[in-house]
Amino acid sequence: MPISLLPSLLLAIIVVGYTPGPANLYSLACCLKYGRRKALKMWRGLFTGFCIDLILMVLLTHLLGEMMGHYVVYLKYIGVAYILWLAWKMFRDQGMDDTEAKDCNFTSGLLMQLTNAKMLLFELTVFSSYVLPYSDKLHDLFLVAPLLLIAGPGANFSWLYAGAYLRRFLHRYRETVDRVMAILLVGCAIYILLL
């Protein structure tokens with residue numbers, strides 16, 4: 001990738017990564033509901049899932065190139081189903097509960113990121129638009145991959161900490177916050193379906 005493309009790639013990373021998406025909203029919701037400590041456990045799952053996705057996308061992009069894009073689109077349906085399930089659980093919950101965080105743990109974070117169609121499609125777009133036109137070498141794909149950590153785990157971490165700061169203010173509106181977060185997740189699912 002020519003260095004002249006770096007500013008546009010960084011802009012795309014910031015715009016896609018830090019706008020509301022399933023993992024960002026989930027990070028915010030977990031922190032609002034359970035606090036920073038439990039949400040950080042979930043974030044470790046998001047981070048691990050993102051790294052797994054990233055490595056798989058680099059390898060698949062290298063091996064299959066442009067042809068892969070036709071099949072990755074089907075993963076969005078799995079992601080949408082998982083997001084809608086999370087939204088339903090969040091909508092039904094009875095507000096913030098510090099004791100039990102069954103829906104905010106390492107595994108839920110891992111599953112969220114492994115099925116996050118927004119990030120999978122973004123990774124594919126970055127590799128096919130910024131790297132493949134100039135090189136199909138595996139090491140060139142892996143050189144760009146760490147930049148995508150800014151869009152994934154970096155953005156999730158920011159949203160999580162926003163939840164930590166908003167938590168004490170929104171505690172009295174816990175049911176409303178859960179409902180709004182559930183509706184926003186449904187909105188993300190609809191947006192992903194329309195992509």
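Above this text sits the structure in question.
Quick look at the structure, then. (Residues numbered from 1 in each chain as written. Predicted model: local features only at pLDDT ≥ 70, side-chain atom pairs only at ≥ 80, totals over all residues. Heavy atoms only, no water.)

**Observations concerning the overall build of the protein**
Logical step 1: Looking only at helices and strands, the protein has 10 helices and zero strands in total.
Logical step 2: Listing each helix as α and each strand as β along the protein from the N terminus yields α-α-α-α-α-α-α-α-α-α.
Logical step 3: A total of 195 residues make up the protein; the buried ones form 48% of that total.
Logical step 4: Here the contacts in the protein between residues at least 6 apart in sequence split such that 90% fall between residues at least 24 apart.
Logical step 5: Of the roughly 10,000 Å² that the protein leaves accessible, carbon and sulfur atoms contribute 69%. (Helix = DSSP H or I, 4+ residues; strand = E, 2+ residues; numbered from the N terminus. Buried < 20%, exposed > 50% of the residue type's maximum accessible area, 1.4 Å probe, protein only. Contact = heavy atoms within 4.5 Å. Areas by Shrake-Rupley, 256 points an atom, 1.4 Å probe, with all protein chains shown as cover.)

**Examining the packing of helix α2 (residues 22–34) against helix α3 (residues 36–64)**
Logical step 1: Running from N to C, α2 and α3 point in directions that differ by 155°, and their axes come no closer than 7 Å. By the angle between their directions, the pair α2 and α3 is classed as roughly antiparallel. Here the hand of the crossing between α2 and α3 comes out right-handed. Between α2, through A23, Y26, S27, C30, C31 and Y34, and α3, the contact on the second element is made entirely by R36, K38, A39, M42 and L46. (Axes fitted to C-alpha atoms, helices over the stretch in contact; angles between N-to-C directions. Parallel < 35°, antiparallel > 145°, perpendicular 65-115°, else oblique. Left-handed = near helix turned anticlockwise from the far one by under 90°.)

**Thoughts on a positive patch on the surface**
Logical step 1: There is a patch of like positive charges on the surface, built from R36, R37, K41 and R44.
Logical step 2: Here R44 lies in helix α3. (Patch = residues over 30% accessible without salt bridge, like charges linked within 9 Å, V, L, I, M, F, W, Y side chains within 5 Å. Salt bridge = Lys/Arg side-chain N within 4 Å of Asp/Glu carboxyl O. Lys, Arg positive; Asp, Glu negative; His and termini not counted. Charge placed at Lys NZ, Arg CZ, Asp CG, Glu CD.)

**Details of the packing of aromatic side chains**
Logical step 1: Scanning the model with the defined rule gives three aromatic pairs in all.
Logical step 2: Among the aromatic residues, those joined into a cluster by ring pairs are W43, F47, F157 and Y161. (Phe/Tyr/Trp six-rings, centres within 6.5 Å; stacked < 30°, edge-to-face > 60°.)

**So, the packing of helix α1 (residues 6–18) against helix α9 (residues 148–170)**
Logical step 1: One way to put it is that α1 packs onto α9 with a least axis distance of 8 Å and a crossing angle of 35°. Handedness of the α1/α9 crossing: right-handed. On α9, the residues touching I13, G17 and Y18 of α1 are L148, I150, A151, G154, A155, S158 and W159.

**Notes on the nonpolar core**
Logical step 1: In terms of nonpolar packing, the biggest core is built from 29 residues, with Y26, M90, M112, M181 and L185 touching the most fellow members.
Logical step 2: At the level of secondary structure, the elements contributing two or more residues to this core comprise α2, α3, α5 (75–92), α9 and α10 (174–194).
Logical step 3: Broken down by element, this core gets its largest block of residues, nine residues, from α2.
Logical step 4: Look past the residues within four positions of M90 in its chain and what remains in contact with it is Y26, A29, D178, M181, A182 and L185.
Logical step 5: If you look at the next biggest cluster of nonpolar residues, it comprises 20 residues, including I13, L54, M57 and L120. (Core = buried A, V, L, I, M, F, W, Y, C linked by side-chain atoms within 4.5 Å.)

**Points about helix α7 (residues 117–131)**
Logical step 1: Here α7 spans 20 Å end to end across 15 residues, near enough to the 21 Å set by a 1.5 Å rise per residue.
Logical step 2: For α7, the buried fraction is high: 13 of the 15 residues fall into the buried class. (Expected span 1.5 Å × (residues − 1).)

**Section: the environment of A12**
Logical step 1: The residue A12 is located in helix α1 in this model.
Logical step 2: Between the C-alpha atoms of A12 and F122, which are 110 residues apart in sequence, the distance is 9.2 Å.

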